[in-house]
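Each chain, letter by letter, is given below.
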Amino acid sequence: MLEINNLHVKIADEDKVILRSLTLKVAKGEVAAIMGPNGSGKSTLSYVIAGKPDYEVTDGEVLLDGVNILGMAPDERAAAGLFLAFQYPMEIPGVATMTFLKAAMNAQRKQRGQAELTTPEFIKRVNAAADLLGIPKDMLRRPLNVGFSGGEKKRMEILQMTLLEPKMSVMDETDSGLDIDALKIVAEGVNARRDPEHAFLVITHYQRLLDYIKPDTVHVMSRGRIVKTGGPELALELEANGYRDYQSAA
Amino acid sequence: MNAKVTTIRTAAETALIERFPALMARLPGPAGPREQALATFMASGLPNRRVEAWKYTDLRAAMREAAPAAPKPDAAQTTVALKGNSPLAGQGVVTLSFVNGYHVGTEGTVPSGVTIVPLAEALGSGHPLLARMGTLALAQGDTALALNTAFMTDGAVIHVAAGAEVDGPIALRFVTAGPSAIATAARVLMVVEAGAKVLLVESHEGQGKLAHQTNTAVEIIAGDGADVQHVRLGLNSEGAVALSTLTADLGSATSLTSVNVALTGAMVRHQVYARFSGGDARAQINGATLLQGQQHADSTLVVEHAAEPGGESRELFRTIIDDEASGVFQGKIIVQPHAQKTDGRMASNAVLLSQGAAMYNKPELEIFADDVACAHGATCGALDDELLFYLMSRGISKAEAESLMIESFVGAAIDDIAHEAIRDVLHGLVQEWLKVRAARINAGAGV
């Protein structure tokens, strides 16, 4: 599904190198977790996959179903089936949440050659997804993410993921800022979409999220590269011992 | 020193001055005020960059030649001119139509408590309210207003009786049309008596690329406790040099909301002179301007708090500038020594969409009282890249993501209009502008 080969990334207009020779594979149906200390480049990796313009890829490739997406604009990547759940979702004053959701869903449908959703069908889908995630209707009437709590913003990310139906979802520290109840709701949103057709790359600092979203694979990232790959037991080991061993190893 | 400065008049200035005597013979009303206004104009000439108030809008350069004064249109010309559908069609309970500055018809029913007399008729018959025309000292000496006074052909005198709650908007539709560029001057005086409530809507429409020179002025005099809403829509011809002036004299505890939406015209300038003559009044004065190509738009504003308590003024101007267009905001809040407790807040925010776009912000505060709260903020920048990326990461194209952000940005200045249908029309026009822009970008990207 997602294949990253020998990726080198630096900040555009600066010399600061963040990812060096990073290689990673996420298979169809797989839930892969990336864990790593602050500053190891986890968020940068998620941004580069999604196409944020602040970074420059100096080498390597990112393949989605065998197609290199690095030359695509962020909206084209989304239409190709990629979704990034932001660590810090943006507040967009003046843009009503429903307007935004409709624009996003129809834009992707358009790119995929599908007809626009009718308003009743759109509202039906949003309501169903919102109910599942415990999102109150008045939140949908407010401007996107404006005045939302951290937990509400993360739930709104999962709502978008549910409605946009991506095949590959990258979740950047979706657990940060969440209380345990919100964490469970978010995890349920992810687990509901787990099937042989969808894949997830879950980026997190802590083991806690992985109690609720059971990963198939755990990767340890340090200083811009994957330094160890293992099964779920690796996350438990990190929780017990910390990242110290890997930071010196990298 | 007895050095004498001789100003060399431009061709346009000379033409305006020379046409005056002949026009005087057929323009309605007493000669005195017109002659006085012409004298004001002759003393200053067309303002240029050396005049502080016109530093960023060089009217002399924009008006190299004075377009001929528009003659009164005949029935056939009127029919042609009014053929296109006005975006605000059907919004007014009563709609006065003007073609090339002349009143050509009134549709609908004048609401009870309201009297409307076409200005030419009012001038001809010596309407008593005309004694109140041009009385706002704050606007004295303004060249655009002086030119309007000297050359005004027609317009309306509107009276709203004390306590009248006018149900539905009074609409004025000004259309400029013809086979060649012309100059028009229309004038509106609206006197709103104590406790009355009214909404005045004006639209200025012109087709094609002709360089019409339009000059309109609306004077509002609001009695104590009056509630006045005002909406102006500028849809001038593409080549137009359009000047407009709003003056407002606010009595005690009045409320004024004025929103100007400017979309077309080569060089447009909207001026507002608002005076808080009575205590504890409130004014919300907004502007939403969207510019592209080589357009230039200027919003110039003077608000004077001249009574105690000084009242509350809020100004919100939002400008979107694309291509090589340029925008100007000049806003001045004056607080007179006795206007204690004044609360004034002025904001001009511009978004530049291209490298060639330019914005000139000049906020000024002149505060002579010591117990006031006044603030101004002027910002100028590009659309937020982080927000754009967020929207695009959801599959929304760059052009559409920008449209969403722009619409919400300028929409904030439109949302203060209480009348929902008119608000929707203006939002629709902004969306239309954005659609054209997105199509242009998409077409460009496809090449």
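A quick note: this is a predicted structure, and the numbers were derived from the prediction, not measured.

**Student:** Is there a simple way to think about the interface of chain B and chain A in this case?
**Tutor:** When the parts of a complex come together, some accessible area is lost, and that lost area is often used as the size of the interface. If you look at the interface, chain B gives 15 residues, while chain A gives 33 residues. For the pair chain B and chain A, the summed buried area comes to about 1900 Å², and 71% of that belongs to carbon and sulfur atoms. Among the residues chain B hides against chain A, the three largest losses belong to Phe389(B), Tyr390(B) and Arg394(B). Together they make up 42% of the total. There are 2 salt bridges connecting chain B and chain A. Between Glu157(A) and Arg394(B) there is a salt bridge whose closest N-O contact spans 2.6 Å. In this structure, the connection of chain B to chain A is made through 10 residue pairs in polar contact (both at pLDDT 80 or more). Among the elements of the structure, helix H7 (385–392) and helix H8 (398–414) of chain B are those that each provide at least two residues to the side of chain B that touches chain A. Per-element tally for the side of chain B that touches chain A: the top contributor is H7(B), with 6 residues.

**Student:** Got a minute to help me understand the side chain of Thr143(B) in this structure?
**Tutor:** Residue and element names in this part refer to chain B. Take Thr-143: it is sitting in helix H6 (residues 143–151). What makes Thr-143 buried here is its relative accessible area of 8%. Contacts of Thr-143, omitting those with residues within four sequence positions, involve Phe-41, Ser-44, Gly-45 and Pro-47.

**Student:** I would appreciate a short explanation of unusual backbone geometry in the present structure.
**Tutor:** Residues other than glycine predominantly adopt negative phi, and peptide bonds predominantly adopt the trans conformation. All names here are of chain B. Here the bond from Glu-308 into Pro-309 is cis, since omega is -10°, no more than 30 degrees from zero. As for its position among the elements, Pro-309 is in the loop between strand S14 (296–305) and strand S15 (312–321). Despite not being glycine, Asp-323 shows a phi value in the positive range, around 55°. In this structure, Asp-323 sits in the loop between S15 and strand S16 (326–335).

**Student:** Would you explain the pairing of strand S8 (residues 199–204) of chain A in this entry?
**Tutor:** In summary, the side chains of a regular strand alternate between the two faces of the sheet. Residues and elements named next belong to chain A. Counted residue by residue, S8 has 6 buried out of 6 residues, so it is predominantly covered. Side-chain alternation along S8 places Ala-199, Leu-201 and Ile-203 on one buried face and Phe-200, Val-202 and Thr-204 on a second face that is also buried. Pairing analysis gives 5 bridges linking strand S3 (residues 31–35) to S8, with the strands arranged parallel. Bridge pairing in S8 links Ala-33 to Val-202. The pairing of strand S7 (residues 168–172) with S8 spans 5 bridges and is parallel. Residue pairing for S8: Met-171 is matched across the bridge by Val-202. Between the parallel elements S7 and S8, the chain passes through helix H7 (residues 180–192) in a crossover that is right-handed.

**Student:** When you look at the packing of helix H2 (residues 31–44) of chain B against H6(B) in this model, what are you seeing that I'm missing?
**Tutor:** Any two packed helices are characterised by the angle at which their axes cross and by the distance between the axes. Residues and elements named next belong to chain B. Close contact between H2 and H6 brings their axes to 8 Å; oriented N to C, the two are set at 140°. Where H2 crosses over H6, the two elements pack in a sense that is left-handed. Listed contacts from H6 to Pro-33, Arg-34, Ala-37, Leu-38, Thr-40, Phe-41 and Ser-44 of H2 are Thr-143, Ala-146, Leu-147, Thr-149, Ala-150 and Phe-151. Its residues placed into classes, the contact of H2 with H6 shows 8 nonpolar, 4 polar and 1 charged.

**Student:** I tried to follow the packing of aromatic side chains on my own but got confused; where do I start?
**Tutor:** Aromatic rings considered in pairs are described by the distance between their centres and by the relative angle of their planes. What the rule picks out here adds up to 10 aromatic pairs over all chains. Measuring from centroid to centroid gives 5.8 Å for Phe20(B) and Phe151(B), while their planes differ by 90°, and the two rings are edge-to-face. One end of the pair, Phe20(B), is in helix H1 (residues 11–26); the other, Phe151(B), is in helix H6, with 131 residues separating them in the sequence. The residues Phe20(B) and Phe151(B) share a single accessibility class, namely buried. Between Phe98(B) and Phe174(B) the ring centres are 4.6 Å apart and the planes differ by 15°, which places this aromatic pair in the stacked class. Of this pair, Phe98(B) sits in strand S1 (residues 94–99) while Phe174(B) sits in strand S5 (residues 170–176), placing them 76 residues apart in sequence. A connected cluster of aromatic rings, assembled from ring pairs, spans Tyr47(A), Tyr55(A), Phe86(A), Phe100(A), Phe389(B) and Tyr390(B). Directly above the ring of Trp54(B) sits Arg269(B), whose terminal nitrogen or CZ lies 3.5 Å from the centroid. Lying over the aromatic face of Phe409(B), Arg318(B) brings its terminal NZ or CZ to 4.6 Å of the ring centre.

**Student:** Hey, could you run me through the pairing of strand S9 (residues 217–222) of chain A in this one?
**Tutor:** Residue and element names in this part refer to chain A. Within S9, 6 of the 6 residues are buried, which leaves the element mostly enclosed by the surrounding structure. Two strands pair when backbone bridges link them, and S3 and S9 are joined in this way by 4 bridges, in the parallel orientation. Each residue of the ladder has a partner; that of Ala-32, found in S9, is Thr-217. Two successive antiparallel strands, S9 and strand S10 (residues 225–230), enclose a turn made up of 2 residues, where Arg-223 displays a positive phi of approximately 45°.

**Student:** How should the sheet that holds S15(B) be read in this particular structure?
**Tutor:** Remark on secondary structure: sheet strands pair via backbone hydrogen bonds, oriented parallel or antiparallel. Residue and element names in this part refer to chain B. Here we have 10 strands laid out as an open sheet, ordered S2-S1-S5-S7-S9-S11-S13-S15-S17-S19, and mixed in their pairing. A strand with exactly one partner marks an edge of an open sheet, and here the two such strands are strand S2 (102–108) and strand S19 (373–381). The sheet shows a mean angle of 10° between the axes of neighbouring strands, taken without regard to direction. Note: S15 against strand S17 (residues 343–352), 10 bridges, orientation parallel. Pairing of Arg-314 across the sheet is with Arg-345, part of S17. In the packing of H8 onto the sheet, the strands contacted are strand S11 (255–264), strand S13 (282–291), S15 and S17, and the crossing angle to S15 comes to about 150°.

The rules behind each value
- Residues numbered from 1 in each chain as written.
- Chains lettered and ligands numbered in written order.
- Predicted model: local features only at pLDDT ≥ 70, side-chain atom pairs only at ≥ 80, totals over all residues.
- Heavy atoms only, no water.
- Contact = heavy atoms within 4.5 Å.
- Buried area = accessible area lost by both parts, 1.4 Å probe.
- Salt bridge = Lys/Arg side-chain N within 4 Å of Asp/Glu carboxyl O.
- Polar contact = N/O pair within 3.5 Å; in protein donor to acceptor, adjacent residues only side chain to side chain.
- Helix = DSSP H or I, 4+ residues; strand = E, 2+ residues; numbered from the N terminus.
- Buried < 20%, exposed > 50% of the residue type's maximum accessible area, 1.4 Å probe, protein only.
- Pairing = 2+ DSSP bridges.
- Right-handed = clockwise from strand over helix to strand, strands pointing away.
- Axes fitted to C-alpha atoms, helices over the stretch in contact; angles between N-to-C directions.
- Left-handed = near helix turned anticlockwise from the far one by under 90°.
- Nonpolar A, V, L, I, M, F, W, Y, C, P; charged D, E, K, R; others polar.
- Phe/Tyr/Trp six-rings, centres within 6.5 Å; stacked < 30°, edge-to-face > 60°.
- Lys NZ or Arg CZ within 6 Å of the ring centre and 35° of its normal.

By themselves, these observations are geometric and do not establish any function.
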